[in-house]
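Summary of the model geometry
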Amino acid sequence: MINPLRGMKDLTFEEAARFNHIIKTASTIAQRYGYGYIETPILEETALFKRSVGDSSDIVTKEMYQFEDKGGNDVCMRPEGTAGVVRAFISAKLDRQPVKQKFYYYGPMFRYERPQKGRLREFHQFGCESFGEGSVYEDFTVITMISQIFEALGIGYDLKINSLGCPECMPPYRNNLVGFLTDIKSDLCEDCNRRIDTNPIRVLDCKNEKCQSMLATSPKLINNLCDACNTDFKKLTAMLDNAGIAYEVDTNLVRGLDYYNKTAFEFVSSEIGAQSAIAGGGRYDRLVEYLDGKPTPAVGFAIGIERIMELVKMPELQREGYYMGAMVPEAIEKVIALANTKRKRDKVTVEYTSKGFKSHMKGVDKSNARYALLIGEDELKNGTVWLKDMESKEEKTVLVDDL
Ligand code: HAM
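So, here is what we can say about the structure in this document. These numbers come from a predicted model, not from an experiment.

Reading guide: rules and limits
For every chain, the first residue of its written sequence is number 1, and the numbers climb from 1 along that sequence. Selection of residues for local features in this predicted model requires a pLDDT of at least 70, selection of side-chain atom pairs for listing and counting requires 80 or more, and totals for whole chains, interfaces and linings are taken over all residues. With hydrogens and water excluded, all non-hydrogen atoms of the structure serve as input to the side-chain values. For each residue, the test is whether any non-hydrogen atom lies within 4 Å of the molecule or strand; if one does, the residue is near. Polar contact criterion, stated in full: a pair of N or O atoms within 3.5 Å, where within protein one must be able to donate a hydrogen and the other to accept it, and residues adjacent in sequence count only if both atoms are side-chain atoms. All accessible areas in this document rest on Shrake-Rupley with a 1.4 Å probe, and a residue is counted as covered only by the protein chains that are shown. Helical segments are the DSSP runs of H or I of at least four residues, strand segments are the runs of E of at least two, and each set is numbered from the N terminus. Note on residue classes: Ala, Val, Leu, Ile, Met, Phe, Trp, Tyr, Cys and Pro are nonpolar, Asp, Glu, Lys and Arg are charged, and everything else, Gly too, is polar. For every residue, the accessible area (1.4 Å probe, protein chains only) is compared with the maximum for its type, and the residue is labelled buried under 20%, exposed over 50%, or partly exposed between those bounds. Two strands are said to pair when DSSP picks up at least two bridges between them. Crossover handedness is defined by viewing with both strands directed away from the observer: a clockwise path from the first strand over the helix to the second marks the crossover as right-handed.

Inspection of the region around the ligand gives 25 residues, with Glu80, Glu113, Glu129, Tyr260 and Ala277 positioned closest. Side-chain polar atom of Glu113 to a nitrogen atom of the ligand: 2.7 Å apart, as the coordinates give it. Contact between the ligand and Gly304: an oxygen atom at 3.4 Å from a main-chain N or O atom of the residue. Coverage of the ligand by the protein chains reaches 96% of its 660 Å² of free accessible surface. Every element with two or more residues in the shell around the ligand is listed here: β6 (122-131), β10 (277-283) and β11 (298-304). With five residues, the top contributor of residues to the shell around the ligand is β10. Here the residues of the shell around the ligand are counted per class, giving eleven nonpolar, seven polar and seven charged.

Encoded structure:
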């Protein structure tokens, strides 16, 4: 028997319904905020992710599904959605148009991580990317939109925010941090030691308890922001306060992808174990330019669908459509013809085997149909059907032509 690969899952029945409910809810809300659907390829040139997510990030160094295709191209299954959407934005020359563009997407992402609860190798994200709006109002709006999505899905969360500064305040801070880290080098883990040279900011995010205790007194970027970044961050927190959206400023929140600047955020849940991040995002004002487009400010986020599937409260299933069946074999084809006509507007479940009344009524309950429609000998003869509304319990005989 062939099983799915480690860290990959099939989705059926109840789980599939949950998945679709999340996508539908999030898409509806994104559309209200002016986002249009975008679909980009799952396979892209490896260089795209190296340049955007970052050469020294864990995703690029350890987790990519990267291979040479039959034409000798170095390709990669997307580990995240932002890079592809930015590439598509530039490919379509939208960076040359003065209009602001907003896109939402959902689909599979691939990261060769060690699978555990809440961490898959193939997982799904719902994401949004807003291009052309440099104002912190857009950061606030994006965070508000995510909180609305979670509210609509009945999910509780904690929000963590930070500012990662800009090309003016980040480099001097980075130098300062490297100085601090070099002094405590011998107390930091192997990964952190490597990162001091390759990506010192990521040290702040280390999960090792000893490293975290050593970092308690590290310089914080939030206290060293330039005036512009500081003003924006203050505006963002004031607006969140006014909107009643609770948050915690987490000075060690740096995100695992290198393209961010200014606002960075993560939504976490305390109800799903160690892999608690349910959404993450932030501003990435330099990425479009970095991928050879015209400088375009941007902000976005992605929600991890599998992680929130565990938390979503599903709306109660409503009875819907028809269950149709025959009580004599000669009526079956009549039932099928009727079902196919009704299907132009309604959901119909058809039983192909002629059965007794009780047996059909069991089928009606299983299919969760609103109406039971049966044809027996008399109905066949008279050109009628027996119809029951399973909600009002009303039963009647109706002419086929009046259906
Ligand atoms: P990310 O934080 O890497 O951000 O991923 C977003 C979400 O995807 C996480 O919060 C988590 O819920 C889910 N996720 C990540 N890895 C896994 C995994 N191995 N298994 C299950 N779920 C996972 C991004 O990917 C950015 N592209 C977000 C973004 C969009 N930033 C700006 N625009």
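The rest of the description comes next.
The next point concerns the pairing of strand β12 (residues 322-326). For β12, a buried count of five out of five residues is recorded, marking the element as mostly surrounded by other parts of the structure. Looking at chain direction, β12 and strand β13 (residues 348-350) are connected through three bridges and run parallel. Among the inter-strand pairings, Tyr323 is bridged to a residue of β13, identified as Thr349. In this fold, β12 hands off to helix α12 (residues 332-342), which returns the chain to β13; that crossover is right-handed.

In this structure, Phe13 takes a positive phi of about 45° despite not being glycine. Within the fold, Phe13 resides in helix α1 (residues 13-32). Relative accessible area serves as the criterion here: at 73%, Phe13 is assigned to the exposed category. Its identity as a non-glycine residue notwithstanding, Asn368 has a phi of 60°, on the positive side. Considering the arrangement of structural elements, one finds Asn368 in the loop between α13 (357-367) and β14 (371-375).

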